[in-house]
Amino acid sequence: MLEALVAGGAEGLVLVRDNAACEGRSLLRAFVTAAVQRAERVLVVLFDVPREQFEAGLSPSVKEQLLYRDGFTDPLGWSGPDPDLRAGDFGGLLAGGLPPGGPLTLVLDSLSWLLLRLPPPRLCQALGALLGGAPGSARPSCLLALLHGDLHPPGLLQALGALATTQLILGGAPPSPGTLRLASVLSRPRRGGVRQKDESFTLLPDGSLRSLGVPTPTPEEEDGRPPPAARTPGSPRDSGGRAPSHPLTFRLQLSAAERAARAAVPPPYQLSPPKRSTLLRTPGTIVCALEPPEDEDEDPEDPDYDLDV
């Protein structure tokens, strides 16, 4: 799925969900680099970081192709009117100033900034109106949004996930340059349903992404033991197919040694042949007979005679 996203196969809202332990801005830069290489127009709307920090690691050829709207320098609008950024009016962002060309990719860094300042229903309606605009209007073919998952409640994350066509939920150990990283990719095909696939990838020195496919299980995971680095929220799916809100403190699988020990213990209701023969080797015969008490009077009358009508 990651290869399809890099090749431009994603449409609609694509969420990159990160957390405090695993940042997602470098992955966002990798998708921006891929969009520029596909000769697409890229408009980056910055809220969390300045332009210099966002461009860290991008090649000069990619930097000169990017368009920006700055919402970081003056978030309160003191230096001049720019109400579109603070009001979440994405239609105003695309009203003018865009050169003609191929498809447009809109990048939000980050969507969490808006969610913390605007009512979520209003923001979701604005996103839906932007992505569902008329074909002749200036609407992006893809909306890439960075979302800090540990800043929002689970209900809001589920609502945004229902609005998105693709989610990339990052997890694993804190990343370092050139190391293997994990992502859980959730996509919604047009025919309905939800597909989920865990994939591994690495970021190359030029900022591009290299997909490594499905991660191979570690020896600890094959034996049923928890991996050395606990998976963070949303990275690998749990037993119910959802992202756990906290790292699990237990496991539902048995290791090979535990399975062998369980198979060696006979069930309590199943008697082995030696034990059965021991229980059945009893001298004599046991007969159970019911003897009424001696002081009990025999009553020949039917106890239910009064029920006969």
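Residues numbered from 1 in each chain as written. Predicted model: local features only at pLDDT ≥ 70, side-chain atom pairs only at ≥ 80, totals over all residues. Heavy atoms only, no water.

1. Quick look at the overall build of the protein
At step 1: In terms of helices and strands, the protein carries 12 helices and nine strands.
At step 2: When burial is assessed residue by residue, the protein has 35% of its 309 residues classed as buried.
At step 3: For the protein, long-range pairs separated by at least 24 residues make up 65% of all intrachain contacts whose partners lie at least 6 apart in sequence.
At step 4: Accessible surface for the protein amounts to roughly 18600 Å². Of this, 57% is attributable to carbon and sulfur atoms. (Helix = DSSP H or I, 4+ residues; strand = E, 2+ residues; numbered from the N terminus. Buried < 20%, exposed > 50% of the residue type's maximum accessible area, 1.4 Å probe, protein only. Contact = heavy atoms within 4.5 Å. Areas by Shrake-Rupley, 256 points an atom, 1.4 Å probe, with all protein chains shown as cover.)

2. What to know about helix H9 (residues 154-163)
At step 1: Of all the positions in H9, only Leu156, Leu157, Leu160 and Gly161 are classed as buried. Buried residues of H9 fall within an arc of 140° about the axis and therefore sit on the same side. Across H9 from its buried face, at more than 90 degrees, point the exposed residues Pro154, Gln158 and Ala162.
At step 2: Among the structural elements, strand E1 (12-18), helix H7 (111-115), helix H8 (120-131), strand E5 (142-148) and strand E6 (166-171) are those in contact with the buried residues of H9. (Arc of directions from axis to C-beta.)

3. Here's the deal with helix H2 (residues 25-37)
At step 1: Helix length check: H2, at 13 residues, gives a terminal C-alpha distance of 18 Å against a target of 18 Å (1.5 Å per residue), a fit within 8%.
At step 2: Here H2 lies mainly inside the structure; 12 of its 13 residues are buried.
At step 3: Residues Arg25, Ser26, Leu27, Leu28, Arg29, Ala30, Phe31, Val32, Thr33, Ala34, Ala35 and Val36 constitute the buried set of H2. (Expected span 1.5 Å × (residues − 1).)

4. A few points about the pattern of salt bridges
At step 1: Inspection of every chain in the model, using the stated rule, returns five salt bridges.
At step 2: Close ionic contact of Arg25 with Asp109 constitutes a salt bridge, the shortest N to O distance being 2.7 Å. Here Arg25 is found in helix H2, whereas its partner Asp109 is found in strand E4 (residues 104-109), with 84 residues between them in sequence. When sorted by exposure, Arg25 lands in the same class as Asp109, which is buried.
At step 3: Glu55 is the salt-bridge partner of Arg51, the closest N and O atoms lying 3.0 Å from each other.
At step 4: Judged by relative accessible area, which is 41%, Arg51 ranks as partly exposed.
At step 5: Because the salt bridges share partners, they merge into one network encompassing Arg25, Asp48 and Asp109. (Salt bridge = Lys/Arg side-chain N within 4 Å of Asp/Glu carboxyl O.)

5. Digging into the packing of aromatic side chains
At step 1: Scanning the entire structure with this criterion turns up two aromatic pairs.
At step 2: Aromatic pair Phe54 and Tyr68: ring centres 6.4 Å apart, planes at 85°, arrangement edge-to-face. Taken together, the positions of Phe54 in helix H3 (residues 51-54) and Tyr68 in strand E3 (residues 66-70) put the pair 14 residues apart, joining distant regions of the chain. (Phe/Tyr/Trp six-rings, centres within 6.5 Å; stacked < 30°, edge-to-face > 60°.)

6. A closer look at the pairing of E4
At step 1: Counted residue by residue, E4 has six buried out of six residues, so it is predominantly covered.
At step 2: Alternating residues of E4 divide into Leu104, Leu106 and Leu108 and Thr105, Val107 and Asp109, and every residue in both groups is buried.
At step 3: Pairing analysis gives six bridges linking strand E2 (residues 41-46) to E4, with the strands arranged parallel. When the sheet's bridge partners are listed, Val44 is paired in E4 with Val107.
At step 4: Summarising the sheet, E4 and E5 pair through four bridges and their orientation is parallel. (Pairing = 2+ DSSP bridges.)

7. Structural notes on the environment of Phe201
At step 1: Mapped onto the fold, Phe201 is located in strand E8 (residues 195-203).
At step 2: Residue class for Phe201 comes out buried when judged on its relative accessible area of 0%.
At step 3: Here the alpha-carbon distance between Phe201 and Leu182, two residues 19 residues apart in the chain, equals 6.5 Å.

8. Comments concerning a negative patch on the surface
At step 1: A cluster of like negative charges, contributed by Glu301, Asp302, Asp304 and Asp306, occupies part of the molecular surface.
At step 2: Tracing the backbone shows Asp306 in the segment after helix H12 (273-280).
At step 3: Residue classification places Asp306 among the exposed residues on the basis of a relative accessible area of 56%. (Patch = residues over 30% accessible without salt bridge, like charges linked within 9 Å, V, L, I, M, F, W, Y side chains within 5 Å. Lys, Arg positive; Asp, Glu negative; His and termini not counted. Charge placed at Lys NZ, Arg CZ, Asp CG, Glu CD.)

Keep in mind these values describe shape, not function.
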